[in-house]
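This is what each chain is made of:
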Amino acid sequence: MTHLFRCPLRWGDMDAQAHLNNGVYVDYLQEARVDFLTRSEVGGMLGGAGPAGPGRGVLVVAHQVEYLRPLVWTPEPLEVRLDVHEVGGARFTLGYVVGDPEAPAVRARTVLTPYDLAEGRVVRLTPEQRAFLADRAVPAEPLRDVPRVRFGDQDGMGVPLRVRWSDLDSYGHANNVRFYDYVQEGRLRLLSQLGEQAGVAERTWLVVRQDVDYRAQLGYRTESYEVRTAVAELGRSSMTLAARVQDPLDGTVFAESRTVSVCADAAGRPVPVPDSLRAALEPWRRR
């Protein structure tokens, strides 16, 4: 049973390339997901009153987001179709199709788990929640696997990350959507330096896939955290960057990501990675 959500767009959702930024799609997924959960009979999963009970919430464990075509701002809402896919004892997976279902802009998956906010621990789905979700579950069209990447503390480029007070959600920690902003900051800092080194400012990178796995809750503080980004794979016209959001003081890892990007010319057409840029990427490869 598909849940349809019509998400209003904002002019500020567009980026320097004049299309909707890759990160804001995760915000649209969240809007559709919250609409689904709050309107359903298990709306208490988000916290407050309801079958889940007070002090309960839902945490995002992982996102998989596949970008199929760019969109620009319009005054009309963007349609997001949400389905339940897998339901386990303490986890469930939601899938999304964003835009025209015949020619979608994005396909995505989110893995979620119920969470006891007071005790700070994962809890199992109640029988009512599990039955509600299982009754709506449909098979998922598989997304291409993007393997997790491990790299060392000396690999790649580390940049300071300052969490803003406005990044926090109603649970009191950095919202899952904001991690796409954090990873983007690390990626653009790296690519900006590479472009200057390689002298290929006319080249751009189009994000075609971005997965994030969440490891720990990230809280507000005045000291900076760190985003460390390394080149994991380099193909003829694409590359995969791996990133970690971490605490440079004690090494805690809050999230890990993989971003697959395609090298494109000024018109947005895929082109081979120039030799000069390929050489500039080498020092930032994972060991």
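Residues numbered from 1 in each chain as written. Predicted model: local features only at pLDDT ≥ 70, side-chain atom pairs only at ≥ 80, totals over all residues. Heavy atoms only, no water.

The name an unreviewed UniProt entry assigns to the chain is Acyl-CoA thioester hydrolase, from the organism Auraticoccus monumenti. Per UniProt, the chain has the following entry under Sequence similarities (unreviewed entry): "Belongs to the 4-hydroxybenzoyl-CoA thioesterase family." (UniProt positions renumbered as here; feature names shortened; annotations may be inferred.)

1. Focus: the overall build of the chain
Of regular secondary structure, the chain possesses 4 helices and 11 strands. The C-alpha radius of gyration of the chain comes to 19 Å, within 12% of the 19 Å expected for a compact globule of 287 residues. Viewed in the frame of its principal axes, the chain has a C-alpha envelope of about 60 × 45 × 30 Å. Taking all 287 residues of the chain together, 51% fall into the buried category. Taking contacts inside the chain between residues at least 6 apart in sequence as the whole, the part at least 24 apart equals 71%. The averaged location of the 38 negative side-chain charges in the chain is 3 Å from the averaged location of its 35 positive side-chain charges. (Helix = DSSP H or I, 4+ residues; strand = E, 2+ residues; numbered from the N terminus. Rg over C-alpha atoms; globule rule 2.2 N^0.38 Å. Buried < 20%, exposed > 50% of the residue type's maximum accessible area, 1.4 Å probe, protein only. Contact = heavy atoms within 4.5 Å. Lys, Arg positive; Asp, Glu negative; His and termini not counted. Charge placed at Lys NZ, Arg CZ, Asp CG, Glu CD.)

2. Details of helix α1 (residues 24-39)
In this model, α1 (16 residues) spans 23 Å end to end at C-alpha, consistent with the 22 Å of a helix rising 1.5 Å per residue. All of the buried residues in α1 are Val-24, Tyr-25, Val-26, Tyr-28, Leu-29, Gln-30, Ala-32, Arg-33, Asp-35, Phe-36 and Leu-37. (Expected span 1.5 Å × (residues − 1).)

3. Looking at the environment of Asp-35
Mapped onto the secondary structure, Asp-35 falls in helix α1. Distance in space between the C-alpha atoms of Asp-35 and His-3 is 9.0 Å, their sequence separation being 32 residues. The contact partners of Asp-35, leaving out residues within four places of it in the chain, are His-3 and Phe-5.

4. Concerning unusual backbone geometry
Of note in this structure, Ala-18 is not a glycine but carries a positive phi near 65°. Of note, Ala-18 is situated in the loop between β1 (3-7) and α1.

5. A few points about the nonpolar core
Tyr-25, Tyr-28, Phe-179, Tyr-182, Leu-218 and Val-245 are the most contacted members of the largest nonpolar core, which totals 65 residues. Among the elements that make up this core, the one with the highest residue count is α1 (8 residues). The residue makeup of this core includes at least three contributed by each of domain 1 (1-143) and domain 2 (146-286). When neighbours within four sequence positions are excluded, Val-245 is seen to be in contact with Leu-161, Phe-179, Tyr-182, Leu-218, Glu-226, Val-227, Thr-252, Val-253, Phe-254 and Ala-255. Ranked by size, the runner-up nonpolar core spans 5 residues in total, among them Val-149, Phe-151, Ala-230 and Ala-232. (Core = buried A, V, L, I, M, F, W, Y, C linked by side-chain atoms within 4.5 Å. Domains from an automatic or database assignment.)

6. Re the environment of Arg-228
By the element assignment, Arg-228 lies in strand β9 (residues 225-234). Taking C-alpha positions, Arg-228 is 8.9 Å from Arg-187, a pair spaced 41 residues apart along the chain. Excluding its chain neighbours within four sequence positions, the residues that come into contact with Arg-228 are Phe-151, Gly-152, Asp-153, Gln-154, Asp-155, Gly-156, Met-157, Gly-158, Ala-242, Ala-243, Arg-244 and Gln-246. At 3.3 Å, the side chain of Arg-228 forms a polar contact with the backbone oxygen of Asp-153. For Arg-228, the side chain forms a polar contact with the main-chain oxygen of Asp-155, separated by 2.9 Å. (Polar contact = N/O pair within 3.5 Å; in protein donor to acceptor, adjacent residues only side chain to side chain.)

7. Regarding the domain arrangement of the chain
Where the parts come together, the accessible area they lose is often given as the size of the interface. For the chain, the assigned domains read domain 1 (1-143) and domain 2 (146-286). Summarising the inter-unit geometry, the C-alpha centres of domain 1 and domain 2 are found 23 Å apart. The interface is formed by 24 residues belonging to domain 1 together with 20 residues belonging to domain 2. Interface area for domain 1 against domain 2, summed over the two sides, is near 1,800 Å², with a carbon-plus-sulfur share of 46%. Contact with domain 2 buries surface across domain 1, with Asn-22, His-63 and Tyr-67 losing the most and accounting together for 27% of the total. For the pair domain 1 and domain 2, the interface holds 0 salt bridges. Scanning the region where domain 1 abuts domain 2 turns up 14 residue pairs in polar contact (both at pLDDT 80 or more). For the side of domain 1 that touches domain 2, the elements supplying multiple residues, two or more each, are α1 and β2 (56-67). No other element matches β2, which puts 11 residues into the side of domain 1 that touches domain 2. (Buried area = accessible area lost by both parts, 1.4 Å probe. Salt bridge = Lys/Arg side-chain N within 4 Å of Asp/Glu carboxyl O.)

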